Amino acid sequence: MTFVSPYAFEAMQKVDVARLAALSDPELRLLLPCLVRMALCAPADQSNAWAQDKKLILRLLSGVEAVNSIVALLSVDFHALEQDARKEQQLRHKAGGSNGESILVSQLQHGLTLEFEHSDPLRRLRLALSELLAIMNKVADSNGEFFLRSSELFESPVYLEEVADVLCILQAELPSLLPIIEVAEALLHVRNGEWFLCLLVANVPDSFSEVCRGLIKNGERQDEESVGGRRRTEALRQLCQMNPSQALNIRAMVVEECHLPGLGVALTLDYKPDTADEAVSPLVSYVSGLLLGTNGKVRTWFSMFIRNGQQRKRESSSVLWQMRRQLLLELVAILPRSRSTHVPNDSDMDSESSSGYSGLREEHVVKASALLRLYCALMGIAGLRPTDEEAEQLLQLMTSRPPATPAGVRFVSLSFCKLLAFPTLVSTPEQEQLMVMWLSWMIKEEEYFESAAGVSASFGEMLLLVAMYFHSNQLSAIIELVCSTLGMKIAIKPSSLSKMKTIFTQEIFTEQVVTAHAVRVAVTNNLSANITGFLPIHCIYQLLRSRAFTKHKVSIKDWIFRQLCETTTPLHTQLLPLIDVYINSILTPASKTNPEATNQPITEQEILNVFQGLAGGDGGKVRSHYTITTQLLILYYILSYEEALLANTKTLALMQKKPKSYSPALMDQIPIKHLIRQAQGLQQELGGLHSALLRLLATNYPHLCMVEDWISEEEVTGTLPLLRKMLLTSSSCKYSQTQLREAFQNVLSGGPRLLRILEHLTLLSAGDLIPYAEALTASMGLLLEDGVSRRILQTVNKLWMVLNTVMPRKLWVMTVNALQPLVKLLRQQKYTQNDLMVDPLIVLRCDSRVFRCPPLMDITLHMLNGYLLASKAYLNAHLKETAEFERQAQTVSNLGLSGQPDTPEVTREELKNALLAAQDSAAVQILLEVCLPSPQEELQLEGGIPMRKQVGDAGAGRGAQREREAEGGLLSDLREVQCLICCLLHQMFIADPNIAKLVHFQGYPQALLPLTVAGIPSMHICLDFIPELLAQPQLEKQIFAIQLLSHLCTQYALPKSLSVARLAISVMGTLLTVQTRVKRFAFFMPTLPCLISFCKAFPPLFDDVMSLLVQVGQVSAADVTTKARDIDPLIASECILQSYLTELVLICIG
């Protein structure tokens, strides 16, 4: 049988008359039904061009004899024929589909073929229509079950062309009765159906896509499982061979519907692209796309096709085996000639093998990588079981040696992962030896490949990483690595890696070889998250985790330091885990038997080199050549190291091992706050580094994480400062440090010049202000002289707060030394950071004039708060650092001695807490003492003279200020200092209420009670411990408690205050009956006025107070009457008390 050629079909599609005229008679014969209808039917196109084409068609048909029979077929009354056909359909429907009486065809006298031969055109149409309708009805009733209908009419080779003519005419003239999709479906159930289908579609070329889509939609999910599926696939394959330009579209329909997978493969095998792609063949691209694409439904569907196809016996006609054969041929074609040791069943291919070892050609590398990934997908996802032939050729390809290009590096990585994923490919000793030789070649050539290919992530790191995983028995990590490299999820059993593990750990990569090789691997330049793949850092990380370096005494410190110095943003995710595991390897030995087996820490000099130019230098102008990423990572390393050192103190003490801590001098030279500020602006690029640094900072340096500092930083970096900086046209300051020092020296006479310089400095950023820090702080003592402008003081305070955001620790030390009393300055006594952390109260041993200069007092209080926090962190760290080692030493010294038990640890903790409490309470007591006015200040206030003459901008301003100060002193320096101190005390009391309790148990001058109660909002917490204070045996504490309570009741008229006031009145009544005369007078004289405050705050207490006053009066009267006034001097006191009581009662009643 002759099928319609692609040339003829294209001519029909385009109605190219010239092409049609060039067809041979057999080819033209197949297209006659359509051509005759075009020539005879009235056209819709009335143009002259079509009229000329129609004449050519008529001339073409004039010499063909079969045209007459087709013309006769077209002369029939198709309307009557359609009515009879529909009646027959109804009749068959009523009869249940049985072949009984027929309206279209009367009783046949002979066979169907003979009847067709002897019939006129109308009867031929009726015979064919009746047979076709019967098949279509049976298809409709079959419920998808395939059957093959035996029909004389469609099987006789003599009448095939005539039957085809009748079929095409019927479908064209009766389209509603015979939809072309249903006709196509029916033709699949008769012999020669694909030939009839191709002719039918060729005569109706516009229906090609419609017919193909219908056949695919009605097709089976797995076409090679049934006869019907194979026939459908073959029919569609013939249709696509007739119209090859639509083959890929039909293949796309197959994938879209997930039907007929064999057809998709067959169409790919038949596809011949116009321009051959040297890289990857169409078959590899198509199958790889199905198995490695993102559509899981398509992947499962095609995998089932592979699995089912392997269960049947090998057949040459099977599409699956045709696909495997083609893939194997492509694989063999790209093998180096010396590697193709076995050519698959092809006599025209050279089968000789050679001992030579030629490399893979560069133009074949990409194709080889694609083939490897495809075979991995076929075997790992679709479950393909390779034949011995396929396995042998795959192994030859995987162990070939590509050129040193990025594609070559990728090919070697894929080959290596395929060996790990499918170790069964290596089955014989010869193959195992071949694999070992190839792996040895990989190790030898890795460095050359990395340099020649110009890639950062080479296969050498992967080899090291796998070797380390094998040594540490992390098989799941190897499986994850393999799947990640191949780009697919493959089910790999850990037990299948046992042979590869033996080869790696015993023959190729012993642990000592791994560690020695890893240290020689070059670091990754400009390491960042943008560099993907497996890098040296992954290998070093795994080796550190397994403690391989310490076990084999290989130093890794220099490599880690070089890698940290070669980093940039965005931060690589492996850097922080690397630092953490490195610190652990420094502090924790690899084994208890060998406590010295640890890595070396980074030296202090190396750390200082990283921060050179940031920690001062020539006015801070020198810039470090290390990136901010490197500096932040080194900072993270130091802080994590110190924290881990304290956390592992007990373990280290048991091993009698004490690693060296980094010196405080080193920490003082690192601008921690400046680096943290920079990290804050790079949070997206730094990943989790910024939050990790903040955590470490809050733990180890709480004085750098004060809330008020963060708030002030917002003010420094807000919108208004930005607008002010826009006024600064140049980034450089026009004033030098020397000019600033000179202006300070002439502060009294040249105040405006100093103010101008300071105002200009406020426009600079915090970083640009660093060079002026020393000049600014060193001259602070000059600001304590009388007559210094308040505006200068406030501007200096503002500049100090800006500098505090970038260099707080160094700034504090310089400021404390600058504000010392004149005697100490003459002695040139300088305090260090360590001195101030050990004794924070040094801050308050400053020049006494600071206590009456609010802007400088604000700075002093800020430093005091910071050093109190720093002292707590310092003592906690010191306690942890020394506790275990001292305990171990004491245990050793007490061996053999009885009656000398170890000092309990709780005692050390209590001593530390007592020291901290003493520090805090001493600071509070000093500050409260500062709040007391001196006798001279009291006289000035009483006389209405201001305590400190402020230099303002105008004389009128000074006069107004003096008048306001004279009215009540509310705007005096003393009052401002008191407010600042009360704010600090409030923060301290809130942070630790025990401080408030301790200070009030110690007591302070009664004159300060109105100030503390009104100025410290947290004083209400004293209500909790006043009952305990009243219970103290000391008379002074009892008096202080009642006086404090009287002020609290006035300030906080709360139910709790009422209950405590009742208790105080009750205690006063009890003490009245038990105290001696002398103590009674000493107690009641200062406490009785407090009863007035109780009654004013809580009127319900009036009865209790009156009762108490009556009792006091009675006791006093009894004392007066029983003793003669001239005998006991204390009787006079009782009289004074009684008269005072009388006045008090009158006040209460009034």
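- If you check an unreviewed UniProt entry, the protein appears there as Integrator complex subunit 2 from Cyprinus carpio.
- The record held by UniProt for the protein lists under Sequence similarities (unreviewed entry) the comment "Belongs to the Integrator subunit 2 family."
- Its UniProt record, at the heading Subcellular location (unreviewed entry), says of the protein: "Nucleus".

### A closer look at the overall build of the protein
Next, step 1: In terms of regular secondary structure, the protein is built from 62 helices and zero strands.
Next, step 2: Across the 1150 residues that make up the protein, the buried fraction comes to 51%.
Next, step 3: Working note: accessible area of the protein is about 52,400 Å², and carbon and sulfur atoms make up 53% of it.

### Details of the confidence of the model for the protein
Next, step 1: Confidence in the prediction for the protein averages 80 pLDDT; 83% of positions are at 70 or higher.
Next, step 2: Counting contacts from residues 338-357, a segment whose pLDDT is below 50, to residues more than four positions away or on other chains yields 40 contacts.
Next, step 3: Residue range residues 895-903 is modelled with pLDDT below 50. Its contacts to residues more than four positions away, or to other chains, number seven contacts.

### Here we look at the nonpolar core
Next, step 1: Membership of the largest hydrophobic core comes to 247 residues, with the highest contact counts inside it found for L239 and Y637.
Next, step 2: For L239, the contacting residues outside a window of four places in its chain are L197, C198, V201, F208, V211, C212 and L215.
Next, step 3: With 121 residues, the next largest nonpolar core counts V924, L1029, C1095 and F1098 among its residues.

### Some words on the side chain of Q1075
Next, step 1: Positionally, Q1075 belongs in the loop between α59 (1055-1074) and α60 (1077-1097).
Next, step 2: The class for Q1075 is buried, based on a relative accessible area of 12%.
Next, step 3: For Q1075, the contacting residues outside a window of four places in its chain are L1035, Q1038, R1080, F1083 and F1084.

### Comments concerning the packing of helix α58 (residues 1035-1051) against α60
When two helices pack together, their arrangement is given by the angle between the helix axes and by the axis-to-axis distance.
Next, step 1: Contact geometry of α58 with α60 gives a least axis separation of 8 Å together with a crossing angle of 15°. Classified by the angle their axes make, α58 and α60 are roughly parallel. Crossing of α58 over α60 shows left-handed handedness. Along the contact surface, α58 presents L1035, Q1038, I1039, I1042, Q1043, L1045, S1046, C1049 and T1050, while α60 presents K1079, A1082, F1083, P1086, T1087, C1090, S1093, F1094 and A1097.

### Some remarks on helix α5 (residues 48-61)
Next, step 1: With 14 residues, α5 extends 20 Å between its outermost C-alpha atoms, agreeing within 8% with the 20 Å of an ideal straight helix rising 1.5 Å per residue.
Next, step 2: Of the residues making up α5, those classed as buried are W50, K54, I57 and L61. Take α5 and look down its axis: the buried residues cluster within an arc of 60°, on one side only. Turned more than 90 degrees away from the buried face of α5 sit N48, A49 and R59, all of them exposed.
Next, step 3: On the buried face of α5, the contacting elements are α2 (17-21), α4 (32-40) and α6 (66-74).

### Structural notes on the pattern of salt bridges
Working definition: two side chains of opposite charge can pair if their charged atoms are close together.
Next, step 1: Following the criterion strictly, the structure yields 29 salt bridges and no others.
Next, step 2: Measuring nitrogen to oxygen at the nearest pair gives 2.5 Å for the salt bridge that ties D165 to R29. Placement of D165 in helix α11 (residues 160-173) and of R29 in helix α3 (residues 25-30) is noted, with a sequence separation of 136 residues between them. The residues D165 and R29 share a single accessibility class, namely buried.
Next, step 3: Among the charged side chains, a network of salt bridges with common partners joins E10, K14, D16 and R19.

### Things to note about the packing of aromatic side chains
Next, step 1: Going through the model one piece at a time under the given rule, you end up with 13 aromatic pairs.
Next, step 2: Between F1001 and F1025 the ring centres are 6.1 Å apart and the planes differ by 50°, which places this aromatic pair in the tilted class. Remark: F1025 occurs in the loop between α56 (1009-1015) and α57 (1026-1030) and F1001 occurs in helix α55 (residues 993-1002); sequence separation between them is 24 residues.
Next, step 3: Of the residues examined, F1001 reaches a relative accessible area of 15% and is grouped as buried.
Next, step 4: Pairing F1083 with F1084 gives two aromatic rings, centres 4.9 Å apart and planes at 90°, and the pair type is edge-to-face.
Next, step 5: Taking relative accessible area as the criterion, F1083 reaches 0% and is therefore assigned buried.
Next, step 6: In textbook terms, an aromatic cluster arises when at least three aromatic residues are bridged by ring pairs, as seen for Y582, Y637, Y641 and Y662.

### Notes on unusual backbone geometry
If a residue is not glycine, its phi is most likely negative; likewise, a peptide bond is most likely trans.
Next, step 1: In this structure, the amide linkage connecting T569 to the following residue, P570, adopts the cis form with an omega of -5°.
Next, step 2: The residue P570 is located in the loop between α31 (557-565) and α32 (575-587) in this model.
Next, step 3: You will see that L260, though not glycine, has its phi angle at about 55°, which is positive.
Next, step 4: With a relative accessible area of 0%, L260 lands in the buried category.
Next, step 5: We note that N526 has phi near 50°; this positive angle belongs to a residue other than glycine.
Next, step 6: Positionally, N526 belongs in the loop between α28 (511-520) and α29 (536-545).

### Re the environment of Q612
Next, step 1: On the secondary structure map, Q612 appears in the loop between α33 (604-610) and α34 (628-647).
Next, step 2: C-alpha of Q612 to C-alpha of I670: the two residues are 58 residues apart in sequence and 9.0 Å apart in space.

### Some details on the packing of α34 against helix α37 (residues 672-680)
Next, step 1: Two elements in contact, α34 and α37, have axes separated by 10 Å at closest approach and are oriented at 125°. Overall, the two elements α34 and α37 adopt an arrangement that is oblique. Here α34 and α37 pass one another in a crossing that is left-handed. Across the interface between the two elements, I628, Q631, L632 and L635 of α34 pack against I672, L675, I676, Q678 and A679 of α37.
Next, step 2: Per-class residue counts for the contact of α34 with α37 are seven nonpolar, two polar and no charged.

### Structural notes on the state of the cysteines
Next, step 1: For the structure on display, the rule yields zero disulfides.
Next, step 2: Sulfur of C979: no disulfide; nearest cysteine sulfur belongs to C982 and is 6.6 Å away.

### Looking at helix α9 (residues 121-141)
Next, step 1: Its 21 residues place the ends of α9 30 Å apart at the C-alpha level, agreeing with the 30 Å of an ideal helix rising 1.5 Å per residue.
Next, step 2: Of the residues flanking the end of α9, it is N143, one or two places downstream, whose phi is positive at about 55°.

### Focus: a nonpolar patch on the surface
Next, step 1: A contiguous nonpolar surface patch, about 230 Å² in accessible area, is contributed by F146, L148 and V227.
Next, step 2: Looking at where V227 falls in the secondary structure, it is placed in helix α15 (residues 227-242).
Next, step 3: A residue is classified by how much of its surface remains accessible, and V227, at 48% relative accessible area, is partly exposed.

### Topic: the side chain of S585
Next, step 1: With respect to the helices and strands, S585 occurs in helix α32.
Next, step 2: A distance of 2.6 Å separates a polar side-chain atom of S585 from the backbone oxygen of Y582.
Next, step 3: Setting aside chain neighbours within four positions, we find S585 in contact with L544, R547, T550, T598 and N599.

### Quick look at the environment of Q474
Next, step 1: As for its position among the elements, Q474 is in the loop between α25 (459-471) and α26 (475-486).
Next, step 2: Q474 sits 20 residues away from P494 along the chain, and the two C-alpha atoms are 9.5 Å apart.
Next, step 3: Look past the residues within four positions of Q474 in its chain and what remains in contact with it is Y469, Q542 and R545.

Here is what the cut-offs are and how they apply
- Residues numbered from 1 in each chain as written.
- Predicted model: local features only at pLDDT ≥ 70, side-chain atom pairs only at ≥ 80, totals over all residues.
- Heavy atoms only, no water.
- UniProt positions renumbered as here; feature names shortened; annotations may be inferred.
- Helix = DSSP H or I, 4+ residues; strand = E, 2+ residues; numbered from the N terminus.
- Buried < 20%, exposed > 50% of the residue type's maximum accessible area, 1.4 Å probe, protein only.
- Areas by Shrake-Rupley, 256 points an atom, 1.4 Å probe, with all protein chains shown as cover.
- pLDDT = per-residue confidence, 0-100.
- Contact = heavy atoms within 4.5 Å.
- Core = buried A, V, L, I, M, F, W, Y, C linked by side-chain atoms within 4.5 Å.
- Axes fitted to C-alpha atoms, helices over the stretch in contact; angles between N-to-C directions.
- Parallel < 35°, antiparallel > 145°, perpendicular 65-115°, else oblique.
- Left-handed = near helix turned anticlockwise from the far one by under 90°.
- Expected span 1.5 Å × (residues − 1).
- Arc of directions from axis to C-beta.
- Salt bridge = Lys/Arg side-chain N within 4 Å of Asp/Glu carboxyl O.
- Phe/Tyr/Trp six-rings, centres within 6.5 Å; stacked < 30°, edge-to-face > 60°.
- Nonpolar A, V, L, I, M, F, W, Y, C, P; charged D, E, K, R; others polar.
- Disulfide = S-S within 2.5 Å.
- Patch = residues over 30% accessible without salt bridge, like charges linked within 9 Å, V, L, I, M, F, W, Y side chains within 5 Å.
- Polar contact = N/O pair within 3.5 Å; in protein donor to acceptor, adjacent residues only side chain to side chain.

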